[in-house]
Amino acid sequence: MDRSGGRARHSGDLIASLSGRSPARNLHSDVLWELGLAIVSGTYEQGAILPSDSELLERFGVSRTVLREALKTLAAKGLIEARARIGTRVLPRNRWNLFDADVLAWFFELGPDVSFLRSLAEVRIGIEIEAAALAAERCGAEQAAELIGWVDRMAEAETPADFARHDLEFHRAVAEASGNPFMASISALVEMALTAAFTISSPVSDPEALAVTVGVHRRIAEAIRDGDPAEARLAMRDAISQGFDRAAGRMEAKDL
């Protein structure tokens, strides 16, 4: 297993970096990543029994405690289930916690397709437009000013990574301003969607696309500041749809 230093080893590290977290660096995280990716990729198919503990211990070269903790984590995410005298079975995909940051990262590591991005956008539209509307009804002047500030930083970003970080902080601030703690529960999904957009097609390299993206986020911020939930809802829908269209368009162009 790769124990390399500061650079991003995989999608999980990249997502953590963009969201301001320190990537995990330990044996548990390495085993967890490899087993989770193997399950999501279908190397271990749904319904299949994982190799025995002794086989996995030999493969990873870790202690039994490290392996068991990794398996417990996978079970908590809904990917596997241990059964006495049977073994550890891979659960059906409809049991997986698709809102979990690691599960999303494993899907992303395989290479997001247009269908995956569309599903992310649809869930975001279903939740984030209401977060924006609630923010317009509930946020105070300080929170509104913070939103405008993040939009200004997006406009001034010089690198795709900086733009993605500011974009993510903007959406986190909208969720916070909604006053509903459950809105923040989809942060992993938003991180994944914005990371996908960042890696596939960042607007920073296209002045026209950057102006459009910043403009629609400014619409959201100003609607929230002005207490206009209908416009906040509409602008958020436009922002998510535009981000999906840009990334999907780039992916489809590469396939031609």
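Preceding block: the structure.
Procedures and definitions
- Residues numbered from 1 in each chain as written.
- Predicted model: local features only at pLDDT ≥ 70, side-chain atom pairs only at ≥ 80, totals over all residues.
- Heavy atoms only, no water.
- Salt bridge = Lys/Arg side-chain N within 4 Å of Asp/Glu carboxyl O.
- Helix = DSSP H or I, 4+ residues; strand = E, 2+ residues; numbered from the N terminus.
- Buried < 20%, exposed > 50% of the residue type's maximum accessible area, 1.4 Å probe, protein only.
- 1 Å grid on protein atoms, 1.4 Å probe; cavity = no way out; pocket = protein on both sides within 12 Å on 5 of 7 lines; lining within 4 Å.
- Points joined across faces, edges and corners; volume = space filled by probe spheres on them.
- Nonpolar A, V, L, I, M, F, W, Y, C, P; charged D, E, K, R; others polar.
- Expected span 1.5 Å × (residues − 1).
- Polar contact = N/O pair within 3.5 Å; in protein donor to acceptor, adjacent residues only side chain to side chain.
- Phe/Tyr/Trp six-rings, centres within 6.5 Å; stacked < 30°, edge-to-face > 60°.
- Core = buried A, V, L, I, M, F, W, Y, C linked by side-chain atoms within 4.5 Å.
- Domains from an automatic or database assignment.
- Contact = heavy atoms within 4.5 Å.

1. Some thoughts on the pattern of salt bridges
Should their charged atoms come close, side chains of opposite charge can pair.
Here is step 1 of the chain: For the structure on display, the rule yields 16 salt bridges.
Here is step 2 of the chain: Linking Arg165 and Asp162 is a salt bridge whose minimum nitrogen-to-oxygen distance equals 3.2 Å. Here Arg165 and its partner Asp162 are both found in helix α8 (residues 160-177), three residues apart, which amounts to about one turn of the helix.
Here is step 3 of the chain: Accessibility expressed as a relative area gives 29% for Arg165, which makes it partly exposed.
Here is step 4 of the chain: Here Asp162 falls in the partly exposed class, since its relative accessible area comes to 32%.
Here is step 5 of the chain: Its salt-bridge partner being Asp238, residue Arg219 comes within 3.0 Å of it at the nearest N-O pair. Separated by 19 residues along the polypeptide, Arg219 in helix α10 (residues 207-225) and Asp238 in helix α11 (residues 229-255) bring together distant segments of the chain.
Here is step 6 of the chain: Judged by relative accessible area, Arg219 falls into the partly exposed class, the value being 28%.
Here is step 7 of the chain: Each of Glu81, Arg83, Arg89 and Arg95 takes part in salt bridges that share partners, so that together they form one network.

2. Brief notes about the environment of Gly179
Here is step 1 of the chain: Note on placement: Gly179 falls in the loop between α8 and α9 (187-200).
Here is step 2 of the chain: Gly179 sits 48 residues away from Ala131 along the chain, and the two C-alpha atoms are 8.6 Å apart.

3. Considerations on empty space enclosed by the protein
Here is step 1 of the chain: All chains considered together, the criterion is met by two cavities of 30 Å³ or more.
Here is step 2 of the chain: Within this model, the largest cavity holds a volume of roughly 300 Å³.
Here is step 3 of the chain: Along its surface, the largest cavity is lined by 27 residues, and Arg124, Leu194, Ala197, Gly243 and Arg246 are the ones closest to its centre.
Here is step 4 of the chain: Elements represented by at least two residues in the lining of the largest cavity include exactly α6 (114-138), α8, α9, α10 and α11.
Here is step 5 of the chain: The biggest single contributor to the lining of the largest cavity is α11, with seven residues.
Here is step 6 of the chain: When its residues are assigned to classes, the lining of the largest cavity shows 17 nonpolar, seven polar and three charged.

4. Quick word on α10
Here is step 1 of the chain: Over its 19 residues, α10 runs 26 Å from end to end, which matches the ideal 27 Å to within 8%, given 1.5 Å per residue.
Here is step 2 of the chain: Listed in full, the buried residues belonging to α10 are Ala209, Leu210, Thr213, Val214, Val216, His217, Ile220, Ala221, Ala223 and Ile224.
Here is step 3 of the chain: Its side-chain oxygen placed 3.1 Å from the backbone nitrogen of Glu208, Asp206 serves as the N-cap of α10.
Here is step 4 of the chain: A positive backbone phi angle near 70° is found at Gly227, which sits one or two residues after α10.

5. Description of the packing of aromatic side chains
Here is step 1 of the chain: In this structure the tally under the stated criterion is three aromatic pairs.
Here is step 2 of the chain: Judged by centre distance (6.2 Å) and plane angle (50°), the ring pair of Trp96 and Phe107 falls under tilted. Residue Trp96 is located in the loop between β2 (87-90) and α5 (101-109), and its partner Phe107 is located in helix α5; the two are separated by eleven residues in the primary sequence. Neither residue differs from the other here; Trp96 and Phe107 are each classed as buried.

6. Looking at the nonpolar core
Grouped burial of nonpolar side chains is what soluble globular proteins tend to show.
Here is step 1 of the chain: Within the largest apolar cluster, 80 residues are counted, with the highest numbers of intra-cluster contacts made by Leu35, Leu74, Leu79, Trp106, Leu117, Phe170 and Ile224.
Here is step 2 of the chain: The two domains that each donate at least three residues to this core are domain 1 (13-95) and domain 2 (112-255).
Here is step 3 of the chain: When near neighbours in sequence (up to four residues on either side) are disregarded, Leu35 contacts Tyr44, Leu56, Phe60, Leu67, Leu71 and Leu74.

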